[in-house]
Amino acid sequence: MFEEQIITYLQSYEMKSTDMEELSGRIGRRLTEQPCMPDSRVAGNCMLQYSWADEKQREAYAALLAADMDEKTKTQVHPAFVSIISQMDETDMLLLNRIREQRAMPIADCYLSRMKKSGSFSGKTMEDMAGSMKLIMHMTTFLPTDGDYEHVQAAIDNLLRLHLIEIHMQEERHALEEIQENEYEDIYMLFQQIIEETVTQLCSRYPECRERRIRLHTGNISFTAFGSRFLRVCGI
C-alpha cells in the first residue's frame, strides 16, 4: 500500500532496486494514510544504513521512516534515532523489549562486604562501604539465547550510553535474608553458582575475605523520556 508514492519520495537517494522495493513494502505496510515527504536527514541516513543492516535493524529503519512519512507521528521523530539503530545489536533490542514488558526491570549488583559494629548500644553490625569488593554487576533475570550474561551486561552499558535507559538504585545494600521471596531473590538464584564460585576463589587467595558477607545493591531499570520516544517511533 502506498509503495509507488513512497518510492517517489525516496528515489532521489541511492539504493539497490531490490532493497528499495523491500523497504518501500515494509514502510507501506505500516502506513494507513497517504505518506508525506520525509526529512532528508532521516531518509538519507536510513537508506544509507539499510543495505548493511540485519533483519531487526531493517524493521526498525522501516518503522522510523514510516513514522517520518506520517503527519500524525512526524513530530516524534528525532534524527539521532538513525544512528542509535545502527549502534544496537540483537541483544540490545531484546533487552529493550523485556524492559518495556516489565516497565521497571529489577537489577542488582553483588558485593562481598566487610562488616563492622555500628558503635551504638545495640552493637548492630553494618557494612563498611569502603571495604566492599565488587563480584558481579548489572544482574537481571534476562538472559540471551546463548546464556552468556556478559552480553546482557554489555547491552545495559550500551543502552545507558545511548541514553535510552536509566538505573535507579536503592540507597542501602541488603543481606541475602532481606531479599527473600521477591524479584531480587530470583536474580540471586540465577547467579548463585557463579557468585559462590567467585567467593570461593577470592577466599582461597585472600583468607581475610572469609569474614566478609555477600550484599546486594538493588534497583530498577526504566526508560528515559528519550528512550520511550525511541521505542514508540522505531517499534523495536
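Residues numbered from 1 in each chain as written. Predicted model: local features only at pLDDT ≥ 70, side-chain atom pairs only at ≥ 80, totals over all residues. Heavy atoms only, no water.

(A) View of the layout of surface pockets. Within this model, the second largest pocket holds a volume of roughly 230 Å³. Looking at the second largest pocket, the residues that line it are Ile 136, Leu 143, Gly 147, Asp 148, Tyr 149, Glu 150, Gln 153, Leu 190, Phe 191, Gln 193 and Ile 194. At the level of secondary structure, the elements contributing two or more residues to the lining of the second largest pocket comprise helix H7 (149–161) and helix H8 (183–205). Considering each element in turn, the lining of the second largest pocket owes the most residues, 4 residues, to H8. Residue composition of the lining of the second largest pocket, by class: 6 nonpolar, 3 polar and 2 charged. (1 Å grid on protein atoms, 1.4 Å probe; cavity = no way out; pocket = protein on both sides within 12 Å on 5 of 7 lines; lining within 4 Å. Points joined across faces, edges and corners; volume = space filled by probe spheres on them. Helix = DSSP H or I, 4+ residues; strand = E, 2+ residues; numbered from the N terminus. Nonpolar A, V, L, I, M, F, W, Y, C, P; charged D, E, K, R; others polar.)

(B) How the structure looks around the side chain of Gln 57. The topology assignment puts Gln 57 in helix H4 (residues 55–68). A distance of 3.0 Å separates a polar side-chain atom of Gln 57 from the backbone oxygen of Met 88. Residues contacting Gln 57, with those up to four places away along its chain left out, are Ile 85, Ser 86, Met 88 and Met 93. (Polar contact = N/O pair within 3.5 Å; in protein donor to acceptor, adjacent residues only side chain to side chain. Contact = heavy atoms within 4.5 Å.)

(C) Here's a closer look at the side chain of His 217. Inspection of the secondary structure puts His 217 in strand S4 (residues 213–223). For His 217, the side chain forms a polar contact with the main-chain oxygen of Gln 170, separated by 2.5 Å. The residues touching His 217, leaving out its near neighbours within four places in the chain, are Ile 107, Ala 108, Asp 109, Tyr 111, Met 169, Gln 170, Glu 171, Glu 172 and Arg 173.

(D) Representation of the pairing of S4 in the model. Burial runs high along S4: 9 of the 11 residues are buried. In this structure, strand S3 (residues 165–175) lies alongside S4, joined through 8 bridges in antiparallel fashion. When the sheet's bridge partners are listed, Glu 166 is paired in S4 with Ser 222. (Buried < 20%, exposed > 50% of the residue type's maximum accessible area, 1.4 Å probe, protein only. Pairing = 2+ DSSP bridges.)

(E) Spatial organisation of unusual backbone geometry. Positioned with a positive phi, His 138 is a non-glycine residue whose angle comes to about 55°. Mapped onto the elements, His 138 comes out in strand S2 (residues 125–139). Residues other than glycine seldom take positive phi values, yet Glu 181 does so here, at roughly 60°.

(F) Structural detail: the state of the cysteines. A complete count under the given rule lists 0 disulfides for this structure. For the unlinked cysteine Cys 110, the closest cysteine sulfur is that of Cys 203, found at 12 Å. The class for Cys 110 is buried, based on a relative accessible area of 0%. Among the cysteines around Cys 209, which has no disulfide bond, Cys 203 carries the closest sulfur, lying 5.5 Å off. (Disulfide = S-S within 2.5 Å.)

(G) Inspection of the packing of aromatic side chains at higher detail. Applying the stated criterion to the full structure yields 3 aromatic pairs. Aromatic side chains Phe 81 and Phe 230 sit 5.3 Å apart centroid to centroid with 80° between the ring planes, which places their arrangement in the edge-to-face category. Note that Phe 81 is positioned in helix H5 (residues 80–86) and Phe 230 in helix H9 (residues 225–234), a separation of 149 residues in sequence. Look at Phe 81 and you get buried, because its relative accessible area is 0%. Taken together, the ring pairs in this structure connect Phe 81, Phe 226 and Phe 230 into an aromatic cluster. We note Arg 173 situated over the ring of Tyr 111; from NZ or CZ to the ring centre the distance is 3.7 Å. (Phe/Tyr/Trp six-rings, centres within 6.5 Å; stacked < 30°, edge-to-face > 60°. Lys NZ or Arg CZ within 6 Å of the ring centre and 35° of its normal.)

(H) The pattern of salt bridges, seen in detail. In this structure the tally under the stated criterion is 11 salt bridges. Notably, a salt bridge pairs Glu 101 with Arg 98, separated by 3.8 Å at the nearest N-O pair. Here Arg 98 and Glu 101 lie together in helix H6 (residues 90–102), a separation of 3 residues that amounts to about one turn. Taking the relative accessible area as the measure of exposure, Glu 101 reaches 62% and is therefore exposed. (Salt bridge = Lys/Arg side-chain N within 4 Å of Asp/Glu carboxyl O.)

(I) Geometry of the environment of Gln 170. Tracing the backbone through its elements, the reader meets Gln 170 in strand S3. A sequence separation of 64 residues divides Gln 170 from Pro 106, and the C-alpha atoms of the two residues are 11 Å apart.

(J) Up close: the environment of Arg 103. Looking at where Arg 103 falls in the secondary structure, it is placed in the loop between H6 and strand S1 (105–117). The class of Arg 103 is exposed, set by a relative accessible area of 71%. As a C-alpha pair, Arg 103 and Glu 90 span 13 residues in sequence and 20 Å in three-dimensional space. With residues up to four places along the chain from it excluded, the contact list for Arg 103 reads Ile 221 and Ser 222.

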